[in-house]
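Architecture and fold: a report
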Amino acid sequence: MEIYGREEDRAKWAMHYAQVKANIKQPEKTHKVTVSGKTKQGTPYSYDYNYADLNDIDAAVMDGIKKVTDEDGNVVFSYFFDIRTENNIVEVQTILVDSSGFTLKTNKVTFQNNKAWDAQATASLISYAKRYSLSGAFGIAADNDDDAQDQKTIYEPKILTKQELEDYKVYYNGIQANLYDLYQEAKDGIKDAQDWLKEPHTPQDAQAVHQIAEMFKQKHPVKQENKEKQAALDKIQQTKKDPFEDKKVASKDDPEVDKLF
């Protein structure tokens, strides 16, 4: 998340944003898609669900925006997208800005574009990323649309080999970084790295993070002797006798007083 503008305008931005969000009605899920295929075990499946597409979400947001105006009737809040497509990556941020000029850029939504050569597939991925980003920016709940259905196939995560994990790259603060090194920085207490790990990730990135976390556990296991020492200390703590046990005096007026000793 990135913030731009004068600090004195921040409260005005927050007020306008809250008003817009309060006026947004959850969009109707008027679109329907059928999902079918086979599981990894070969079992066929098929189901239908409804969803709100990007146009539905945009219409809901704009309705909320139009209701927040100044004394002259001018709209005081709006949004637009910052879109980047390079190195087989689609990256989208939603820019939230009000009339004071104070601006907030949401966290980046990033997807690997495995069909960068296909203009239609790329446009579909951009639409999906915009929908994902805009929904998150204004707290809109919407089921996956047909673009998302396509992404389920494209982005089904795979189990990575040790070498693939050691070479795995992610986008971190706008640049490509080695995920293994980034995880090590997080373990060493680097806050930016820790914050990045807490952000939403693509399914494949999340799979890689999970596997690297398991690798670190195997490299730095908790020694059995430490466990045994801790268990012994816990047992001693539990069996300690109160040295003033025989000094306690029961209250004649309030039996709850005993609980204070």
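Residues numbered from 1 in each chain as written. Predicted model: local features only at pLDDT ≥ 70, side-chain atom pairs only at ≥ 80, totals over all residues. Heavy atoms only, no water.

1. Focus: the overall build of the chain
Stated formally: Counting from the N terminus, the helices are DSSP H or I runs at least four residues long and the strands are E runs at least two residues long. For every residue, the accessible area (1.4 Å probe, protein chains only) is compared with the maximum for its type, and the residue is labelled buried under 20%, exposed over 50%, or partly exposed between those bounds. Contacts were defined at the residue level, with two residues in contact if any of their heavy atoms lie within 4.5 Å.
In terms of regular secondary structure, the chain is built from 9 helices and 9 strands. Residue burial in the chain is summarised as follows: out of 261 residues, 33% are buried. Taking contacts inside the chain between residues at least 6 apart in sequence as the whole, the part at least 24 apart equals 54%.

2. Digging into the pairing of strand S4 (residues 77-86)
Quick reminder of the rule: We treat two strands as partners when DSSP finds at least two bridges between them.
Where S4 lies against strand S5 (residues 89-98), 10 bridges are found, and the strand directions are antiparallel. Pairing of phenylalanine 80 across the sheet is with isoleucine 95, part of S5. A loop of 2 residues connects S4 with S5, the two strands running antiparallel in sequence, and asparagine 87 in this loop sits at a positive phi of about 55°.

3. Some thoughts on the side chain of glutamate 91
Within the secondary structure layout, glutamate 91 lies in strand S5. Residues contacting glutamate 91, with those up to four places away along its chain left out, are Asp82, Ile83, Arg84, Lys108, Val109, Thr110 and Tyr171.

4. Looking at the side chain of aspartate 98
Inclusion rule: Neither His nor the chain ends contribute to the count of charged residues, in which Lys and Arg are positive and Asp and Glu negative. For this document, the term salt bridge refers to a Lys or Arg side-chain nitrogen within 4 Å of an Asp or Glu carboxyl oxygen.
Within the secondary structure, aspartate 98 sits in strand S5. The side chain of aspartate 98 sits in the buried core without any salt bridge; lysine 12 is the nearest counter-charge, 6.7 Å away. Residues within four places of aspartate 98 in sequence aside, it is in contact with Lys12, Trp13, His16, Val76 and Phe77.

5. Considering the packing of helix H2 (residues 54-66) against helix H3 (residues 119-138)
Selection rule: Fitted lines through C-alpha atoms serve as axes, helices being fitted only where they are in contact, and the angles separating the N-to-C directions of these axes extend from 0 to 180 degrees. Should an angle fall under 35 degrees it is taken as roughly parallel, and over 145 as roughly antiparallel, whereas 65 to 115 is taken as roughly perpendicular and any remaining angle as oblique. Left-handed describes a crossing whose near helix is turned anticlockwise from the far helix by less than a right angle; the clockwise case is right-handed. Just so you know the grouping, Ala, Val, Leu, Ile, Met, Phe, Trp, Tyr, Cys and Pro go in nonpolar, Asp, Glu, Lys and Arg go in charged, and all remaining residues, Gly too, go in polar.
The interhelical angle for the contact between H2 and H3, taken along N-to-C directions, is 30°, at an axis separation of 10 Å. Between H2 and H3, the interaxial angle falls into the category roughly parallel. Considering how the two elements wind past one another, H2 and H3 form a crossing that is left-handed. Of H3, the residues touching H2 (which contributes Leu54, Ile57, Asp58 and Val61) are Ser127, Lys130, Arg131, Leu134, Ser135 and Phe138. For the contact of H2 with H3, the residue count by class is 5 nonpolar, 2 polar and 3 charged.

6. Here we look at the environment of alanine 137
Position of alanine 137 relative to the elements: it lies in helix H3. Residue alanine 137 is classed as buried on the basis of its relative accessible area, which comes to 9%. Sequence separation between alanine 137 and lysine 21 is 116 residues; the distance between their C-alpha atoms is 9.5 Å. Among residues more than four places away in sequence, those in contact with alanine 137 are Tyr17, Thr94, Leu96 and Thr106.

7. A few points about the nonpolar core
Spelled out, the test is: Here, nonpolar core means buried Ala, Val, Leu, Ile, Met, Phe, Trp, Tyr and Cys residues that are tied together by side-chain atoms lying within 4.5 Å of each other.
By size, the foremost hydrophobic cluster in this structure holds 21 residues, and its most contacted members are Val61, Leu96 and Phe138. Those elements giving two or more residues to this core turn out to be helix H1 (10-23), H2, S4 and H3. No other element matches the 5 residues that H2 contributes to this core. Excluding its chain neighbours within four sequence positions, the residues that come into contact with phenylalanine 138 are Tyr17, Val20, Lys21, Ile24, Val61, Phe77 and Leu96. Among the nonpolar cores identified, the runner-up in size contains 19 residues, and Leu160, Tyr168, Ala177 and Ala193 belong to it.

8. Examining the pattern of salt bridges
Inspection of every chain in the model, using the stated rule, returns 10 salt bridges. When the shortest N-O distance is used, the salt bridge between glutamate 86 and arginine 84 registers 2.5 Å. Lysine 162 is the salt-bridge partner of glutamate 166, the closest N and O atoms lying 2.5 Å from each other. Placement of both glutamate 166 and lysine 162 in helix H5 (residues 162-167) is noted, with a separation of 4 residues, approximately one turn of the helix. Overall, the relative accessible area of 29% leaves glutamate 166 in the partly exposed class.

9. Focus on the environment of lysine 25
Within the secondary structure, lysine 25 is located in the loop between H1 and strand S2 (31-38). Residue lysine 25 is classed as exposed on the basis of its relative accessible area of 64%. Spatially, the C-alpha atoms of lysine 25 and aspartate 63 are 8.3 Å apart, while their sequence positions differ by 38 residues.

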